[in-house]
Amino acid sequence: MYVYASFDYSAFLELAITDLEKRGIAREHILAVPLDKRVEERMVLDTIHRADGMSLFDGAMVLGAICMELGVIYGFVLEWGPVIWGLIGLLSGAIIGFLLDYFYGRIFGHKKTKSARNRVKAGECNNTEVILTVCCDNSQYEMVEKVLWDNMAFGVGKLDRLRNTIGNGAVSDGKEAI
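What you are looking at is a predicted structure, and each value in this text was computed from that prediction instead of being measured.

Bringing unusual backbone geometry into the picture now. Negative phi is the rule for most residues except glycine; trans is the rule for most peptide bonds. For Met152, which is not a glycine, the phi torsion comes out positive at approximately 65°. Checked against the element boundaries, Met152 lands in the loop between helix H4 (141–150) and strand E4 (155–159). On the accessibility criterion, Met152 (52% relative accessible area) is exposed.

Written out as structure tokens, the structure is:
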């Protein structure tokens, strides 16, 4: 049976591995895989499939709508009329709003990212997750699960069909038989 658990890379992970070894799980049956965090630049456009929660067009649309409204209102007394001044207000407000969002994100967004990176390098803050895999017998499952939960695992799961289906030859192309 395989038991999977997700941990932060911390002392609790080390304590869980040590505790499992003390309780009879061989070192060869424990596998810890750290997950890399992807660091990428902020995207200008969000898509249906991917959104980072930081849209650059929110401020542009709000400021564009406000400036368009003011352009239409004051366009009745200005020379070119409300339609032209509304369009001018819309474009100028959208451009100003986009630039404000962009530069605000560049200034304050990178400071937070740099400080988090510096804390990781200094060892103060490490946000890497680790997947721990333990191969054990069915009789040891409850003990392994208790050890993992006691050491602050985010989640614990088990897979007991894989060994049986592979041993019987029921698996092909890396897919598990149901």
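A word on the packing of aromatic side chains. Enumeration over the complete set of coordinates arrives at three aromatic pairs. Measuring from centroid to centroid gives 5.5 Å for Trp80 and Trp85, while their planes differ by 20°, and the two rings are stacked. A relative accessible area of 55% places Trp80 in the exposed class. Through pairs of rings, three or more aromatic residues link up here, namely Phe98, Tyr102 and Phe103. Against the face of Tyr141 rests Lys158, its NZ or CZ located 4.7 Å from the ring centre.

Cut-offs used in this document
- Residues numbered from 1 in each chain as written.
- Predicted model: local features only at pLDDT ≥ 70, side-chain atom pairs only at ≥ 80, totals over all residues.
- Heavy atoms only, no water.
- Helix = DSSP H or I, 4+ residues; strand = E, 2+ residues; numbered from the N terminus.
- Buried < 20%, exposed > 50% of the residue type's maximum accessible area, 1.4 Å probe, protein only.
- Phe/Tyr/Trp six-rings, centres within 6.5 Å; stacked < 30°, edge-to-face > 60°.
- Lys NZ or Arg CZ within 6 Å of the ring centre and 35° of its normal.

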